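Each chain, written out:
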Amino acid sequence: MDPQPLSSWQGIVVVALSSGFIAAVSTSLIQWFKESRAAEKQRTYEAELEAIFLIRKLDALAVECANNIREYSEIVGQLEDSPDAGSYGGCVKPDFDIDRSKISKIDKHIAAKIVWLENDMTLGREMIRSLWWHDALEWREAHENQANLVGYYGMSALNFAVKLRKHYGLAPQSYMWGMNGVDSELRARAKRVKKSLSKL
């Protein structure tokens, strides 16, 4: 049996329903696109903002590392032949607290390297400590390696700050004071510890 042709009213109803469905879908898609764009812009904004504050912390960490190395250099020379030498803890590694909720907003590849840096430091310290305990390093050598490791820590912080500036299109910051000689001091120490520990 052949299908009966639609009446004019039925045709109008079908066209109206089809038009309404298409309009609803189109409106939903447009709304979803707008919300997605807004959410993406918000995530980008939050990532850039977190990067700015993280760069500040990384730069400050580098300066603290350099200051601790300079303090160590002044102290270690005075203690080398002193009976108090054995109680000296060596160059101090600064604390660097990582807020997981904040660092999760920045680029994951840079974030991973920042988080994993603590593992490098722990392994390096344990290697130096073990060699010292087993008399493979002299007192001064052990402390020099520890100071160099702190230099590596600070140099890594500066490198991460550079990566973040480049990734988020932030202008390089030229500080008015406090950074003179920091880069060269840390770079030299980092180079020494890489060479030293790679031989051990």
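The text that follows walks through the structure, step by step, so that each part is easy to find. (Residues numbered from 1 in each chain as written. Predicted model: local features only at pLDDT ≥ 70, side-chain atom pairs only at ≥ 80, totals over all residues. Heavy atoms only, no water.)

The next thing to look at is the packing of helix α3 (residues 108-133) against helix α4 (residues 139-167). Put simply, α3 and α4 touch, their axes get as near as 10 Å, and they point 175 degrees apart. Looking at the two axes, α3 sits roughly antiparallel to α4. For the contact of α3 with α4, the residue count by class is 14 nonpolar, six polar and five charged. (Axes fitted to C-alpha atoms, helices over the stretch in contact; angles between N-to-C directions. Helix = DSSP H or I, 4+ residues; strand = E, 2+ residues; numbered from the N terminus. Parallel < 35°, antiparallel > 145°, perpendicular 65-115°, else oblique. Nonpolar A, V, L, I, M, F, W, Y, C, P; charged D, E, K, R; others polar.)

Moving on, we come to the pattern of salt bridges. Opposite charge on two side chains allows them to pair when their charged atoms are near. Scanning the model with the defined rule gives eight salt bridges in all. Salt-bridge contacts for lysine 105 lead to glutamate 46; the nearest nitrogen and oxygen are separated by 3.9 Å. Of this pair, lysine 105 sits in the loop between α2 (100-103) and α3 while glutamate 46 is found in helix α1 (residues 8-79), placing the two residues 59 residues apart along the sequence. Judged by relative accessible area, which is 37%, lysine 105 ranks as partly exposed. By relative accessible area, which is 27% here, glutamate 46 ends up partly exposed. One salt bridge connects arginine 187 with aspartate 183, and the closest N-O pair in it is separated by 3.2 Å. Of this pair, arginine 187 and aspartate 183 both sit in helix α5 (residues 182-199), four residues apart, which is roughly one turn of the helix. The structure contains a network of salt bridges with shared partners spanning Arg140, Glu144, Glu185 and Arg189. (Salt bridge = Lys/Arg side-chain N within 4 Å of Asp/Glu carboxyl O. Buried < 20%, exposed > 50% of the residue type's maximum accessible area, 1.4 Å probe, protein only.)

Take the environment of methionine 179 next. One can find methionine 179 in the loop between α4 and α5. For methionine 179, a relative accessible area of 25% corresponds to the partly exposed category. Each C-alpha atom of the pair methionine 179 and alanine 60 lies 9.5 Å from the other, and the pair is 119 residues apart in sequence. With sequence-adjacent residues up to four places away left out, methionine 179 is seen in contact with Val63 and Leu158. (Contact = heavy atoms within 4.5 Å.)

This next bit is on the state of the cysteines. What the rule picks out here adds up to zero disulfides. For cysteine 65, which is in no disulfide, the shortest distance to another cysteine sulfur is to cysteine 91 and amounts to 7.7 Å. (Disulfide = S-S within 2.5 Å.)

Attention now goes to the packing of aromatic side chains. Across all of its chains, the model carries zero aromatic pairs by this definition. Above the ring of phenylalanine 96, the side-chain terminus of lysine 57 is found at 5.3 Å from the ring centroid. (Phe/Tyr/Trp six-rings, centres within 6.5 Å; stacked < 30°, edge-to-face > 60°. Lys NZ or Arg CZ within 6 Å of the ring centre and 35° of its normal.)

A word on α3. Between the first and last C-alpha of α3 there are 38 Å, a value that for 26 residues agrees with the 38 Å anticipated at 1.5 Å per step. Maximum bend of α3: about 25 degrees, positioned at tryptophan 116. Listing the buried residues of α3 in full gives Ile110, Ala111, Ala112, Ile114, Leu117, Met121, Gly124, Ile128 and Leu131. Capping the start of α3 is the job of one residue whose side-chain oxygen sits 3.2 Å from the backbone nitrogen of histidine 109: aspartate 107. One or two steps after α3, the chain reaches aspartate 135, where phi turns positive at roughly 60 degrees. (Expected span 1.5 Å × (residues − 1). Bend = angle between axes of the 7 residues up to and from the residue. Polar contact = N/O pair within 3.5 Å; in protein donor to acceptor, adjacent residues only side chain to side chain.)

Attention shifts here to the layout of surface pockets. Empty space within the largest pocket amounts to approximately 250 Å³. In this structure, the largest pocket is lined by Glu50, Phe53, Leu54, Arg56, Lys57, Phe96, Asp97, Ile98, Asp99, Lys102, Ile103 and Ile106. Residue assignment for the lining of the largest pocket shows that the elements contributing at least two residues are α1 and α2. For the lining of the largest pocket, the element with the highest residue contribution is α1, accounting for five residues. (1 Å grid on protein atoms, 1.4 Å probe; cavity = no way out; pocket = protein on both sides within 12 Å on 5 of 7 lines; lining within 4 Å. Points joined across faces, edges and corners; volume = space filled by probe spheres on them.)

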